[in-house]
Amino acid sequence: MSFLSAFNTSVSGMTAQRQRVNTISENIANAETTRTPQGGPYRRREVILASVANDRTFEEELLSQDRSVSTSTEVKVVGIVQDERPPILRFEPGHPDANEEGYVEMPNVNIMEEMVNLMSANRSYEANTAAFNATKTMVQSCLIYTSPRPRAVEEARMPSSA
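Sequence positions are assigned chain by chain, starting from 1 and proceeding in written order. Reporting of local features is limited, given that this is a predicted model, to residues whose pLDDT is at least 70; pairs of side-chain atoms are given and counted only at 80 or more, and all residues count toward the totals for whole chains, interfaces and linings. Just so you know, side-chain values use all the structure's heavy atoms and leave hydrogens and water out.

Q: When you look at the environment of V81 in this model, what are you seeing that I'm missing?
A: The way it works is that DSSP assigns letters per residue, a run of H or I at least four long becomes a helix, a run of E at least two long becomes a strand, and they are numbered from the N terminus. By secondary structure assignment, the location of V81 is in strand β2 (residues 74-82). Residues V81 and I48, 33 residues apart in the sequence, show an inter-C-alpha distance of 7.3 Å. Among all residues touching V81, those that are not within four sequence positions of it are R44, R45, E46 and I48. We call two residues contacting when some pair of their heavy atoms lies within 4.5 Å.

Q: Explain the side chain of S10 here, please?
A: With respect to the helices, strands and loops of the structure, S10 is situated in helix α1 (residues 3-29). Ignoring anything within four residues of it in the chain, the contact list for S10 reads N128, A131 and F132.

Q: Mind showing me how you'd approach the packing of aromatic side chains here?
A: For any two aromatic rings, the description comes down to two numbers: the centre-to-centre distance and the angle of the planes. Note on aromatic pairs: the rings of Phe, Tyr and Trp (six-membered ring only in Trp) are paired at centre separations within 6.5 Å, and the planes decide the class, stacked below 30 degrees, edge-to-face beyond 60, tilted for the rest. Per the counting criterion, the structure on display carries two aromatic pairs. Geometrically, the ring pair formed by F7 and F132 is tilted, given 4.8 Å between the ring centres and 55° between the ring planes. Here F132 lies in helix α3 (residues 111-146) and F7 lies in helix α1, a separation of 125 residues in the sequence. Looking at F7, the relative accessible area reads 17%, which means it is buried. On the basis of an interplanar angle of 65° and a centroid distance of 5.3 Å, the ring pair of F91 and Y103 is categorised as edge-to-face. Separated by twelve residues along the polypeptide, F91 in strand β3 (residues 88-91) and Y103 in strand β4 (residues 103-106) bring together distant segments of the chain. Working definition: with a 1.4 Å probe on protein chains only, accessible area under 20% of the residue-type maximum means buried, over 50% means exposed, and in between means partly exposed.

Q: It is not clear to me how the environment of V116 should be interpreted in this structure. Could you clarify?
A: Tracing the chain through its elements places V116 in helix α3. Assessed through its relative accessible area of 53%, V116 is described here as exposed. Distance from V116 to I24, taken between C-alpha atoms, is 10.0 Å for residues 92 residues apart in sequence.

Shown next, in the form of structure tokens:
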């Protein structure tokens, strides 16, 4: 795996987790929304992630391993879907959106579930950030040890002959 593909993999993970955090935040913000432009209560949304697989044949994959060609995969957001669970019925006869029996259809958002998902997305984002920083440190180390040293530094490191 080249350094650039390692960076790309980490960045794709951070981008995907950022989208998850945004969607979870939207769910939490609309946890009490009983009226939407589409009609009815807000519907919880979920981010669907997928690994972008390479489309090489088995032989090409073996040859790429032999030549140290990058085989990294990235994660992409392939969609945001609505949760199909039914709305939660809450008895509030005085609510403007209550039906004839006094029940209000509330969003199918469970705050505890959203908080767990938010923590998971946060941890995944942190892991991708750590991988990115580790790669950056390796690149910097390679640059330090492979770059030519200035002559003054070389002379300063040489023991004096006096």
